[in-house]
Amino acid sequence: MRSKISYKIRKKKTSPIKDEALSTTCSTISITSDKLDGFTDKIFQGDCINGMQLIPSNSIDLVITDPPFAIDFKAKRSNYNRTASRVLEGYTEIPRGKYYEFTINWIKVVYRVLKESGSMYVFSGWNNLKDILNALDEVGFTTVNHIIWKYQFGVVTKRKFVTSHYHCLYVCKNDNKRIFFPYARYEKNSKDRGGGSLHYEDKEDVWVIKREYWNGDQKTPTKLPAELIEKILHYSSKEGDIVLDPFLGSGQVAVVSKMLKRHYIGFEIVKEYYEFAKKRLENNLYRIKSSDKDEQTLFDLNYEKR
Ligand SMILES: C[S@@+](CC[C@H](N)C(=O)[O-])C[C@H]1O[C@@H](n2cnc3c(N)ncnc32)[C@H](O)[C@@H]1O
């Protein structure tokens, strides 16, 4: 029999990040022990490691996430070679010495909440990769693919090669039960103009996808392109599935999940980013103009039917 449980977040002294905001946001949520009542199609402000403790085990279909970095990088307005006032401030990074512990902690909770048939896609730059790969192994995830996302316009330096890729680790809990939709984007026999197989090309593990530039719009310092998230959603989920992003940033994973009729759950520790993501989700906004007087870019809930 299902028992109804009310959870309260207790503040942990050992937590690397403060969780006051989450305790006020989540403490009122009442969930049943094996259902996600109160969680779906919501995002929460606070530390995801504490927040995800409230999610029942084996309840999430897919996790797509881009965790914070462990480098000495403060995304303050002045660090950005862009129109400064449009970049929201407050990016949270993890100190280098605590990065492995932090990574193990969030990956452990994700493992518990993921369904046996579920998958996770974790994005990482090369400087954090070792910690993430080791943590995934230690927690018990099986690696399915090591995908490279190749983007345009890396930063040119005179003394080394230009970094123009990101790693995306596709992992699962139980490879025998893992769900994958091989022809979600291209039929088995669809060909390109030169006669090459489109479904083969789409399934190569190097993905060449452009970054999105939001000139004149508000933005957070890092953002995954919608095309990237859309591709993952098509291959590893179906309409109605539950998609979790513990590190929302601008809310891209939740926004694209909503566009593709998946349910979303997400966490973001920085209030300004959380509010930005919430505004996008509540108003079906894709891009938000810096000034409320400008016309805003709405996203289309019939997106897939176009
Ligand atoms: C690399 S960014 C994610 C960007 C996101 N994928 C997007 O497309 O906008 C990582 C985010 O994690 C947030 N963050 C850092 N530590 C966190 C924690 N313990 N819980 C929740 N969010 C956290 C940071 O504030 C940052 O916005």
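Asker: Whenever I open this one, the overall build of the protein confuses me. Can you help?
Answerer: Scanning the protein from N- to C-terminus turns up eight helices and 12 strands. In the protein, which comprises 306 residues, the proportion classed as buried is 35%. The long-range share in the protein, meaning contacts at least 24 apart out of those at least 6 apart in sequence, stands at 67%.

Asker: I keep staring at helix 7 (residues 252-259) and nothing clicks. Help me out?
Answerer: Since the α-helix turns once every 3.6 residues, residues separated by three or four places project in the same direction. The buried fraction of helix 7 amounts to eight of the eight residues, a majority that puts the element mostly inside the structure. Turning to helix 7, its buried residues number three or more, namely Gln252, Val253, Ala254, Val255, Val256, Ser257, Lys258 and Met259.

Asker: Even after reading the chapter, I still don't get the packing of helix 7 against helix 8 (residues 271-282), so can you show me in this structure?
Answerer: To characterise two packed helices, one gives the angle between the axes of the helices and the distance between these axes. Put simply, helix 7 and helix 8 touch, their axes get as near as 9 Å, and they point 10 degrees apart. With respect to each other, helix 7 and helix 8 are oriented roughly parallel. Along the contact surface, helix 7 presents Ala254, Val255 and Lys258, while helix 8 presents Ala277, Arg280 and Leu281. Taken together, the residues that form the contact of helix 7 with helix 8 break down as four nonpolar, no polar and two charged.

Asker: Where do I start with the site of the ligand in this structure?
Answerer: Not every one of the 22 residues close to the ligand is listed here, only the nearest: Asp66, Phe247, Gly249, Ser250 and Gln252. Split into classes, the residues belonging to the shell around the ligand amount to 12 nonpolar, six polar and four charged.

Asker: Quick question: what am I supposed to make of the environment of phenylalanine 247 here?
Answerer: In this structure, phenylalanine 247 sits in the loop between strand 9 (242-245) and helix 7. Between the alpha carbons of phenylalanine 247 and proline 68 there is a distance of 7.5 Å; along the sequence they are 179 residues apart. Non-local contacts of phenylalanine 247, meaning those with residues more than four positions away in its chain, are made with Cys48, Thr65, Asp66, Pro67 and Pro68.

Asker: Hey, could you run me through the confidence of the model for the protein in this one?
Answerer: Low pLDDT marks regions whose predicted coordinates should not be analysed in detail. When pLDDT is averaged along the protein, the result is 81, and 73% of the positions lie at 70 or above. Confidence drops under pLDDT 50 across residues 1-33; counting only partners more than four residues distant or on other chains, this segment forms 58 contacts. Counting contacts from residues 73-85, a segment whose pLDDT is below 50, to residues more than four positions away or on other chains yields 13 contacts.

Asker: Could you clarify how one ought to interpret the pairing of strand 7 (residues 165-172) in this entry?
Answerer: In the case of a regular strand, side chains alternate between the two sheet surfaces. Direction of pairing for strand 5 (residues 114-124) relative to strand 7: antiparallel, over a ladder of six bridges. What sits directly across from serine 119, in strand 7, is cysteine 172. As paired strands, strand 6 (residues 142-150) and strand 7 are joined by eight bridges and run antiparallel to one another. Considered in strand 7, the bridge of histidine 146 is made with leucine 169.

Asker: Any chance you could explain helix 8 here in plain terms?
Answerer: For helix 8, which comprises 12 residues, the first-to-last C-alpha distance of 16 Å matches the rise-based estimate of 16 Å (1.5 Å per residue) to within 8%. Looking at helix 8, one finds that the buried residues are Tyr273, Tyr274, Phe276, Ala277, Arg280 and Leu281. Along the axis of helix 8, the buried residues cluster in a sector spanning 160 degrees; they form a single face. Those residues of helix 8 that are buried are in contact with strand 3 (42-45), helix 7, strand 10 (263-268) and strand 11 (285-287). Positive backbone phi, approximately 50 degrees, marks asparagine 284, located one or two places after helix 8.

Asker: Help me understand the sheet that holds strand 3 in this model?
Answerer: The strands making up a sheet associate through backbone hydrogen bonding, with each pair oriented either parallel or antiparallel. Reading across from one edge, 3-10-9-4-5-7-6-8 is the order of the eight strands in this open sheet, with mixed pairing throughout. Strands at the two margins of the open sheet, each flanked by one partner only, are strand 3 and strand 8 (206-208). Recorded for the sheet is a direction-independent mean angle of 20 degrees between the axes of neighbouring strands. Two elements, strand 3 and strand 10, share four bridges in a ladder whose sense is parallel. Residue pairing for strand 10: lysine 42 is matched across the bridge by isoleucine 265.

Asker: Hey, could you run me through the environment of glycine 196 in this one?
Answerer: Mapped onto the secondary structure, glycine 196 falls in the loop between strand 7 and helix 5 (198-202). Looking at glycine 196, the number of C-beta atoms within 10 Å reads 9, which means it is exposed. In contact with glycine 196, not counting residues within four places along its chain, are Lys191 and Glu201.

Asker: What am I meant to see in the environment of tryptophan 149 here?
Answerer: Tracing the backbone through its elements, the reader meets tryptophan 149 in strand 6. Its 19 C-beta neighbours within 10 Å are what place tryptophan 149 among the partly exposed residues. Setting aside anything within four residues of it in sequence, one finds tryptophan 149 in contact with His165, Tyr166, Cys168, Trp207, Ile209 and Leu228.

Thresholds applied
Position labels on residues start from 1 in each chain and follow its written sequence. This being a predicted model, a pLDDT of at least 70 is required before a residue's local features are given, and a value of 80 or more before pairs of side-chain atoms are given or counted; all residues contribute to the totals for chains, interfaces and linings. A helix here means a DSSP run of H or I that spans at least four residues, while a strand means a run of E at least two residues long, and both kinds are numbered starting from the N terminus. Field definition: a residue is buried when 20 or more other C-beta atoms are found within 10 Å of its C-beta, exposed when 12 or fewer are, and partly exposed for counts in between, with C-beta atoms placed from the backbone. Our contact criterion uses C-beta atoms placed from the backbone: two residues qualify when those atoms are within 7 Å. Here, axes are lines fitted to C-alpha atoms. For helices the fit covers the stretch in contact, and angles between N-to-C directions go from 0 to 180 degrees. If an angle is under 35 degrees, it is roughly parallel; if it is over 145, roughly antiparallel; if it lies from 65 to 115, roughly perpendicular; otherwise it is oblique. Ten residue types, Ala, Val, Leu, Ile, Met, Phe, Trp, Tyr, Cys and Pro, are classed as nonpolar, four, Asp, Glu, Lys and Arg, as charged, and the remainder, Gly among them, as polar. Working rule for contacts: place C-beta from the backbone, and if it is within 6 Å of a molecule or strand, that residue counts as near it. Confidence of the predictor in every single residue is expressed as pLDDT, which spans 0 to 100. At least two DSSP bridges between two strands are needed for those strands to be called paired. The span you would expect from a helix comes to 1.5 Å times its residue count less one. Note that the arc is defined by the directions from the helix axis to the C-beta atoms.

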